[in-house]
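Residues per chain, in single letters:
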Amino acid sequence: MKNLKDHVIIVTGGAAGIGGAITTVLTQRGASVIAVDIDDTAGQQKVDTNPEHIVFVKGDISKPSVAQQAVEMAVSRFGKLTGVVNNAHASKQKPLMQLTEEDWALSMDTGLKGTLNFMKAAYPELKKTKGAIVNFGSGAALNGQKNQASYAAAKEAIRGLSRVAANEWAEDGIRVNIVCPLALTEGVKKWKEAFPEQYQEIADKHPMHRFGDPQKDIAPIVAFLLSEDSQYMTGQTLMADGGDIKLR
Ligand SMILES: NC(=O)c1ccc[n+]([C@@H]2O[C@H](COP(=O)([O-])OP(=O)(O)OC[C@H]3O[C@@H](n4cnc5c(N)ncnc54)[C@H](O)[C@@H]3O)[C@@H](O)[C@H]2O)c1
């Protein structure tokens, strides 16, 4: 399926995990991708899989200059920008009262501010192409999962920001939607080791009794939201979680 032919899309955290899977699937569907990540090795490995259509920008998404650099790279290398996937987000899992100022800054700066940085930097180019933005929320935030205060706060702020942008930017032809994934990535594997009882609790009550596969279960939903197939959707939250949470 080449429903993203000629699309040029920035994917933050695009070197590994869900972002890495998104980079792969978007290119399989005909897009070129600017993968932004702090992980040099994984970034280079991703480029090596498809050097013609994947460019790696090394940088911390909490810095506005990195967002600007990624947008400039899209335009200089591929002539335009049609989409942004704000996927990367770093945070610490601790009980609320143990979270330090640094822990709060990490989640807010990479999650909320990182997303805002890329939305603002991309806006002028997305306005030209009537592009689409996919931001990332989380079922942990919707549920208020224990040990996730700084993460949940940033994720729900991202959903609020996305709804405002969907309303403000609809007249520019820019769509903004949110995906809440559930997938067994390296990060989730670490969390599973740290909190095995929480993992088991989620798996036990999950309708499909499994976490998703980043490439087969999550990335195609992101691809759909970037494609013309979803042109009448904006401001929506899509649960890519195998039915774990039924949003109404
Ligand atoms: N995995 C899940 O089940 C799950 C559930 C809910 C929400 N999410 C969300 O999905 C997204 C991806 O999750 P994941 O599990 O693949 O994460 P991950 O931690 O496995 O991967 C994130 C990628 O982002 C990069 N990254 C981290 N900090 C960065 C920074 N400051 N600047 C640039 N790159 C940075 C990492 O190097 C890595 O390649 C996140 O927004 C996460 O909160 C994931």
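A. Seen up close, the nonpolar core. Core analysis: the biggest nonpolar cluster contains 25 residues, and Ile-10, Val-36, Leu-81, Val-84, Phe-118, Ile-133 and Val-176 have the highest contact counts within it. Elements with a contribution of two residues or more to this core: strand E1 (8-12), strand E2 (32-37), strand E3 (54-58), helix H3 (64-78), helix H4 (101-129) and helix H6 (149-169). If we skip the residues at most four places from it in the chain, Ile-133 touches Val-84, Asn-86, Met-119, Leu-126, Trp-169, Ile-174, Arg-175, Val-176 and Asn-177. Core analysis: the next-biggest nonpolar cluster, separate from the first, contains 24 residues, Val-33, Phe-136, Ile-218 and Leu-225 among them.

B. Up close: the site of the ligand. Lining the immediate surroundings of the ligand are 25 residues, of which Asp-37, Asn-87, Tyr-151, Lys-155 and Ala-183 lie closest. The side chain of Asp-37 places a nitrogen or oxygen atom 2.6 Å from an oxygen atom of the ligand. Within the backbone of Ala-183, an N or O atom sits 2.7 Å from an oxygen atom of the ligand. Looking at the shell around the ligand, the elements with two or more residues in it are helix H1 (17-28), H6 and helix H7 (186-194). Along the lines of polarity and charge, the residues of the shell around the ligand split into 11 nonpolar, 10 polar and 4 charged.

C. Structural detail: the pattern of salt bridges. This structure, assessed with the given rule, holds 9 salt bridges. For the salt bridge of Arg-210 with Asp-217, the shortest nitrogen-to-oxygen distance reads 2.8 Å. Judged by its relative accessible area of 38%, Arg-210 falls in the partly exposed class.

D. Here's a closer look at H6. Between its terminal C-alpha atoms H6 stretches 30 Å, which fits the 30 Å expected from 21 residues at 1.5 Å a residue. Restricting attention to buried positions, one finds in H6 the residues Ala-149, Ser-150, Tyr-151, Ala-152, Ala-154, Lys-155, Ile-158, Arg-159, Ser-162, Ala-165, Ala-166 and Trp-169. Those residues of H6 hidden inside the fold are in contact with H4, strand E5 (132-136), helix H5 (139-143), strand E6 (175-181) and strand E7 (237-240).

E. View of the layout of surface pockets. A volume near 210 Å³ is recorded for the second largest pocket. Lining the second largest pocket are His-7, Thr-82, Thr-129, Lys-130, Gly-131, Ala-132, Gly-173, Arg-175, Leu-226, Ser-227, Glu-228 and Gln-231. Among the residues making up the lining of the second largest pocket, the classes are represented as 2 nonpolar, 7 polar and 3 charged.

F. Focus on the packing of aromatic side chains. Summed over all chains, the structure comprises 3 aromatic pairs. Between Tyr-123 and Trp-169, the ring centres sit 4.7 Å apart and the planes meet at 40 degrees, which makes this aromatic pair tilted. With a gap of 46 residues between them, Tyr-123 in helix H4 and Trp-169 in helix H6 connect regions that are remote in the sequence. Residue Tyr-123 is classed as partly exposed on the basis of its relative accessible area of 22%. Look at Trp-191 and Tyr-199: their rings are 6.4 Å apart centre to centre, the planes differ by 70 degrees, and that puts the pair in the edge-to-face class.

Reading the values: rules and limits
- Residues numbered from 1 in each chain as written.
- Predicted model: local features only at pLDDT ≥ 70, side-chain atom pairs only at ≥ 80, totals over all residues.
- Heavy atoms only, no water.
- Core = buried A, V, L, I, M, F, W, Y, C linked by side-chain atoms within 4.5 Å.
- Buried < 20%, exposed > 50% of the residue type's maximum accessible area, 1.4 Å probe, protein only.
- Helix = DSSP H or I, 4+ residues; strand = E, 2+ residues; numbered from the N terminus.
- Contact = heavy atoms within 4.5 Å.
- Near = heavy atom within 4 Å.
- Polar contact = N/O pair within 3.5 Å; in protein donor to acceptor, adjacent residues only side chain to side chain.
- Nonpolar A, V, L, I, M, F, W, Y, C, P; charged D, E, K, R; others polar.
- Salt bridge = Lys/Arg side-chain N within 4 Å of Asp/Glu carboxyl O.
- Expected span 1.5 Å × (residues − 1).
- 1 Å grid on protein atoms, 1.4 Å probe; cavity = no way out; pocket = protein on both sides within 12 Å on 5 of 7 lines; lining within 4 Å.
- Points joined across faces, edges and corners; volume = space filled by probe spheres on them.
- Phe/Tyr/Trp six-rings, centres within 6.5 Å; stacked < 30°, edge-to-face > 60°.

Everything listed is a geometric property; what it means functionally is a separate question.
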